[in-house]
Amino acid sequence: MKTWRSASIAAAAAALLALTTACGQEKGSDEPNGQSVGNAAPAEDGYGDGYGGAGDAGAEAAAAKPAGQLAVWDSKELGKVVTDSAGFTLYRFDEDTAKPPKSNCEGDCAKAWPVVSAEDAKAAPGVDAALMGSVKRADGTEQLTIAGWPMYRYAQDKKPGDAKGQGVGGTWFASAPDGKKASPAAEEGGGEQADLAGLSTRKDPKLGEIVIDKNGMTVYRFKKDSAWPMKSACTGDCLENWPVVEPVEKNDTEGILKKGFVTFDRPDGIQQQTIDCWPLYTYAGDQAPGDTNGQGVGGTWYAVSPQGKLVGAPK
């Protein structure tokens, strides 16, 4: 029994030593470690629940409304976007599937992202009607699909032309007429951008080389976080505007520092990717690949270099 116990203690100590070596405090770090951690101030939009909606969690999900005659909105920021007959933006959800069509947005999610009914839906002029279809939900509703992707509206869009749901949670995007994610790149190139690694880099004209995620969205760090011990000061409502970067395999990266490339098991149960042990985030206010709207927000949020350093932060 003593031998088994000694071996277990030794194994645990070795694991802690390995993590300490990977994420230990180094001289010349660009941020002090070991600081106290509290809730970051909620970002301006604040989205009232985990799905980007601000509705009453106890309210019934809104009944699916017919899309009617679909149209295409030519957005300067997003490219060509599908709208319903009233001009409201239609969205797709990354956690759904198109082959076969399946919706994974139920309950509270469907309150924030009302389902678009396939009833009486008509293809937008000039768009292939064969791309339109439907999927039967658990409650029997026939939900509109485009190229297999279930379609939704966003409860925070209050008037035609709003696209406040773009990029929420890093999983919700306006739909292009062919069912792909709307973006200027898709409009000009006739398709989605080239497949990207889970984390890679791009050359920004103002910031230089910065880290981007698999969707081409800018990756950020929070100055109030610490690397060792690994702590995040962005909790609760803060995460609605600054979604964590989910774990990425080391072999699914390009040009990223591999030292300290570990997963942070947050106290809230969410797993978060780090570079050099610094927690990583994206910004819900970035609407399309190439956006850097989160840069310098509150004097605490900055893009990340391939080495995990803050880009453009005052010394």
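Up top is the structure these notes are about.
This text gives an overview of the structure that appears in the document. (Residues numbered from 1 in each chain as written. Predicted model: local features only at pLDDT ≥ 70, side-chain atom pairs only at ≥ 80, totals over all residues. Heavy atoms only, no water.)

### Concerning the nonpolar core
1) Next: Counting residues in hydrophobic clusters, the biggest one holds 18 residues, and the most contacted among them are Y91, C105, W113, Y152, W172 and A174.
2) Next: Within the residue set of this core, elements represented by two or more residues are β4 (91-93), α2 (108-112) and β11 (172-174).
3) Next: At three residues, α2 tops the list of elements feeding residues into this core.
4) Next: Apart from the residues lying within four places of it in its own chain, the contact partners of A174 are L78, V81, T89, L90, Y91, Q166, K180, K181 and A182. (Core = buried A, V, L, I, M, F, W, Y, C linked by side-chain atoms within 4.5 Å. Buried < 20%, exposed > 50% of the residue type's maximum accessible area, 1.4 Å probe, protein only. Helix = DSSP H or I, 4+ residues; strand = E, 2+ residues; numbered from the N terminus. Contact = heavy atoms within 4.5 Å.)

### Overview of the state of the cysteines
1) Next: Within the structure shown, the criterion is met by two disulfides.
2) Next: Each disulfide pairs two cysteine sulfurs, and for C105 the partner residue is C109, the sulfurs being separated by 2.0 Å. With the S-S dihedral at roughly -110°, the linkage between C105 and C109 falls on the left-handed side.
3) Next: For C105, a relative accessible area of 0% gives the class buried.
4) Next: Under the relative-accessibility criterion, C109 is labelled buried at 1%. (Disulfide = S-S within 2.5 Å.)

### Brief notes about the pattern of salt bridges
Oppositely charged side chains may form a pair once their charged atoms are brought near each other.
1) Next: For the structure on display, the rule yields 10 salt bridges.
2) Next: Taking the shortest distance from any N to any O, the salt bridge between R153 and D84 comes out at 2.7 Å. Of this pair, R153 sits in the loop between β10 (149-150) and β11 while D84 sits in the loop between β3 (79-83) and β4, and the two are 69 residues apart along the sequence. Like D84, R153 is buried.
3) Next: As a salt-bridge pair, D276 and K259 come within 2.9 Å of each other at their nearest N and O atoms. Remark: K259 occurs in the loop between α4 (238-241) and β17 (263-265) and D276 occurs in the loop between β18 (271-275) and β19 (278-279); sequence separation between them is 17 residues.
4) Next: For D276, a relative accessible area of 13% translates into the label buried.
5) Next: Through salt bridges with shared partners, a single network forms among R92, D94 and K181. (Salt bridge = Lys/Arg side-chain N within 4 Å of Asp/Glu carboxyl O.)

### Quick look at the packing of aromatic side chains
1) Next: By the definition in use, this model includes 12 aromatic pairs.
2) Next: Taken together, a centroid distance of 4.2 Å and an interplanar angle of 10° make the contact between F222 and W301 stacked. Of this pair, F222 sits in strand β14 (residues 220-222) while W301 sits in strand β20 (residues 301-303); the two residues are 79 residues apart in sequence, bridging distant segments of the chain. The same class applies to F222 as to W301, namely buried. (Phe/Tyr/Trp six-rings, centres within 6.5 Å; stacked < 30°, edge-to-face > 60°.)

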